[in-house]
Amino acid sequence: MTKSHADLTALDPLDLFGVRRSLSEDEQMVQDSVARLVDDKVLPIIQKCFEEHCFPKSLIPELAALGLLGSSLEGYGCAGLNAVSYGLICQELERGDSGIRSFVSVQSSLCMYPIHAFGSEEQKQKYLPRMARGELIGCFGLTEPHGGSDPANMKTHAKRRGADWVIHGAKMWITNGAIADLCVVWAQTEDGIRGFIVEKGTKGFAAPEIERKFSLRASITSSLFFDNVVVPQENMLPGVVGLKGPLSCLTQARYGISWGVIGAAQACLAQLLDYTKTRELFGRPLAKNQAIQIRLAEMARQITTAQLLSLQLGRLKDRGEMTPSQVSLAKWNNCRMALDVARDCRDMLGGAGISAEYVPIRHMLNLESVITYEGTETIHQLTVGRELTGISAF
Ligand code: TGC
Ligand code: FAD
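Cut-offs and rules
Residues numbered from 1 in each chain as written. Chains lettered and ligands numbered in written order. Predicted model: local features only at pLDDT ≥ 70, side-chain atom pairs only at ≥ 80, totals over all residues. Heavy atoms only, no water. Helix = DSSP H or I, 4+ residues; strand = E, 2+ residues; numbered from the N terminus. Rg over C-alpha atoms; globule rule 2.2 N^0.38 Å. Contact = heavy atoms within 4.5 Å. Areas by Shrake-Rupley, 256 points an atom, 1.4 Å probe, with all protein chains shown as cover. Lys, Arg positive; Asp, Glu negative; His and termini not counted. Charge placed at Lys NZ, Arg CZ, Asp CG, Glu CD. Buried < 20%, exposed > 50% of the residue type's maximum accessible area, 1.4 Å probe, protein only. Patch = residues over 30% accessible without salt bridge, like charges linked within 9 Å, V, L, I, M, F, W, Y side chains within 5 Å. Salt bridge = Lys/Arg side-chain N within 4 Å of Asp/Glu carboxyl O. Expected span 1.5 Å × (residues − 1). Near = heavy atom within 4 Å. Polar contact = N/O pair within 3.5 Å; in protein donor to acceptor, adjacent residues only side chain to side chain. Nonpolar A, V, L, I, M, F, W, Y, C, P; charged D, E, K, R; others polar. Phe/Tyr/Trp six-rings, centres within 6.5 Å; stacked < 30°, edge-to-face > 60°. Lys NZ or Arg CZ within 6 Å of the ring centre and 35° of its normal.

S.K.: How should I be thinking about the overall build of the protein in this particular structure?
M.R.: Along the backbone of the protein there are 11 helices and 9 strands. Here the protein has a C-alpha radius of gyration of 21 Å; the compact-globule value for 394 residues is 21 Å, and the two agree. If you line up the protein on its principal axes, its C-alpha atoms span 80 × 45 × 45 Å. Long-range pairs, those at least 24 residues apart, make up 76% of the contacts in the protein between residues at least 6 apart in sequence. Accessible area for the protein stands at about 17400 Å²; split by element, carbon and sulfur atoms hold 55% of it. Between the mean site of the 41 positive side-chain charges and the mean site of the 43 negative ones, the protein shows a separation of 3 Å.

S.K.: Where do I start with the environment of Cys90 in this structure?
M.R.: Structurally, the position occupied by Cys90 is in helix 4 (residues 83-96). For Cys90, a relative accessible area of 0% gives the class buried. Apart from the residues lying within four places of it in its own chain, the contact partners of Cys90 are Arg101, Gly256, Trp259 and Gly260.

S.K.: Help me out: how do you make sense of a nonpolar patch on the surface in this one?
M.R.: On the surface, Leu16, Phe17 and Leu308 cluster together to form a nonpolar patch covering roughly 270 Å² of accessible area. Structurally, the position occupied by Leu16 is in the loop between helix 1 (5-8) and helix 2 (25-52). Residue Leu16 is classed as partly exposed on the basis of its relative accessible area, which comes to 31%.

S.K.: In this structure, what is going on with helix 6 (residues 121-132)? I would like to understand it.
M.R.: Note that an α-helix has 3.6 residues per turn; residues three or four places apart therefore point the same way. Taking 1.5 Å of rise per residue, 12 residues should cover 16 Å, and helix 6 covers 16 Å from first to last C-alpha, within 8% of that figure. Every buried residue belonging to helix 6 is among Gln123, Lys124, Tyr127, Leu128, Pro129, Met131 and Ala132, and all of these are buried. Contacts made by the buried residues of helix 6 are with helix 3 (60-65), helix 5 (98-118), strand 1 (138-141), strand 4 (182-189) and strand 5 (192-199).

S.K.: Help me out: how do you make sense of the site of ligand 2 in this one?
M.R.: Close to ligand 2 lie 18 residues, the nearest being Thr143, Gly148, Ser149, Trp173 and Thr376. Backbone polar atom of Trp173 to a nitrogen atom of ligand 2: 2.7 Å apart, as the coordinates give it. In the environment of ligand 2, an oxygen atom lies 3.5 Å from a nitrogen or oxygen atom belonging to the side chain of Thr378. Relative to its free-state accessible area of 980 Å², ligand 2 is covered by the protein chains to the extent of 67%. Listing elements by their share of the shell around ligand 2, those giving two or more residues are strand 3 (164-175) and helix 11 (377-389). Taken together, the residues of the shell around ligand 2 sort by class into 7 nonpolar, 10 polar and 1 charged.

S.K.: Any chance you could explain the side chain of Arg362 here in plain terms?
M.R.: Within the element layout of this structure, Arg362 appears in helix 10 (residues 360-370). Side chain to side chain, Arg362 and Asp97 meet in a polar contact 2.6 Å long. Sequence-distant contacts of Arg362, that is, excluding residues within four places in its chain, are made with Ile46, Gln47, Phe50, Gly96 and Asp97.

S.K.: Explain the packing of aromatic side chains here, please?
M.R.: Two descriptors summarise a pair of aromatic rings, namely the distance from one centre to the other and the angle between the planes of the rings. Counted by the stated rule, this structure contains 7 aromatic pairs. The interplanar angle of 65° and the centroid separation of 5.2 Å between the aromatic rings of Trp165 and Phe196 together place this pair among those described as edge-to-face. Taken together, the residues Trp165 in strand 3 and Phe196 in strand 5 connect sequence positions 31 residues apart. Centre to centre, the rings of Phe205 and Phe226 are 5.1 Å apart; their planes meet at 20°, and the pair counts as stacked. Of the two residues, Phe205 is situated in strand 6 (residues 205-206) and Phe226 in strand 7 (residues 221-232); the sequence distance between them amounts to 21 residues. Overall, the relative accessible area of 2% leaves Phe226 in the buried class. A cation over an aromatic ring shows up here: Arg217 above the ring of Phe50, its NZ or CZ 6.0 Å from the ring centre. Taking the ring centre of Tyr255 as reference, the NZ or CZ of Lys317 above it sits at 5.4 Å.

Spelled out as structure tokens, the structure:
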């Protein structure tokens, strides 16, 4: 039966198609607990962190206590939540700030996931429980200074020396690098690309922070340098050889990003809706102009389609049916959506839109990174193009 107009006015403007109501009770509980954390602990401090270019490390124990680190992994102290729950975690965290979601993405999908999927039993026992508790922080080194879009052309290499490996090379733009206790680094070997665990303090390894960013200022980004770093054989991930190792980690993280950016867009639209109702120009609220309503409706349309895309992707992932090109389509669509929404919200706030008093400019600046990392928009478009045509244009 179609709902009456009176019922329709009760729709949540940030969830017009009632995605929330199609979640299980457990999924709703996960969303609510992360939303509380964001409201109570992230939103009060995040703008200052952004202005001061610092990552709020004090949040790590809180994130760990809620089971948000490695939340979709089974065993080893991890929560074993389903894919939709992981998506909701990302969405709520990114409603706070993309930098907080980035921290959790890298720890969970890019560092714990490869150890869980490709590591030895000893590696899993050694690292995963402590990473889930937030006692050890991880980072993921794939991108290199000469070009991140084509990781097959990797220069960092690892050579066998007796029972050890010697790693030499450099990585660039690495989230969490300077605060990480361990790095999963990908290097070319004579057998193909392999992953290695390099611990902080290993001789020849350095992770200086990249300063002067205009984006993701509440997140740590670093370079990684490996100057003939020696690691034992037991630090190599035995379970995978080739580019599919790092790319399958990216599939996990990109899936989370497709949900995360919805939270950033919702935060922008929520603030703008309040503003357009109270701001009076030409003797009427801004919201009483057709041009403004059309722009608000356009944002709601984009957010709604992104929500439905991610929910369906999550259900596919939970059934084991999700493919990398579906993830590419969702990462591309949803990042583009969130960036467009944030930029338009910034514009509709007028001069106030450039003030730190309002969230859109912070989200907008963050989203310039999010649309670039984990595969640029172009890379994902070409991935979908390859799926459609069967022809690689890379
Ligand atoms: P291609 O021939 O397509 O694939 C090589 C092998 O990998 C397999 N494969 C995948 N496996 C799992 N998941 C995926 N998404 C996969 N995509 C491909 C593929 O089946 C093949 O396996 P096999 O067994 O046949 O060898 O490789 P290509 O060289 O043509 O490259 C394709 C391309 C361009 C799509 C890929 O290089 C790419 O994705 N480039 C973008 C790189 C990127 O996204 N870097 C991200 C770095 S990490 C990061 O940004 C973290 S930010 C985190 C934060 O702060 O939140
Ligand atoms: P390039 O690959 O040099 O691309 C430059 C431009 O060329 C882009 O617009 C791209 O779309 C375009 N382009 C590339 N190929 C083609 C083509 N075939 N046709 C048309 N156009 C093309 N990496 C990690 O490994 N770990 C991390 O933790 C991590 N965190 C990050 C955090 C931040 C804040 C940022 C900004 C980046 C991070 N990255 C990380 C790196 C990120 O994944 C790369 O920046 C990204 O993959 C793009 O690589 P690049 O910057 O070298 O750009």
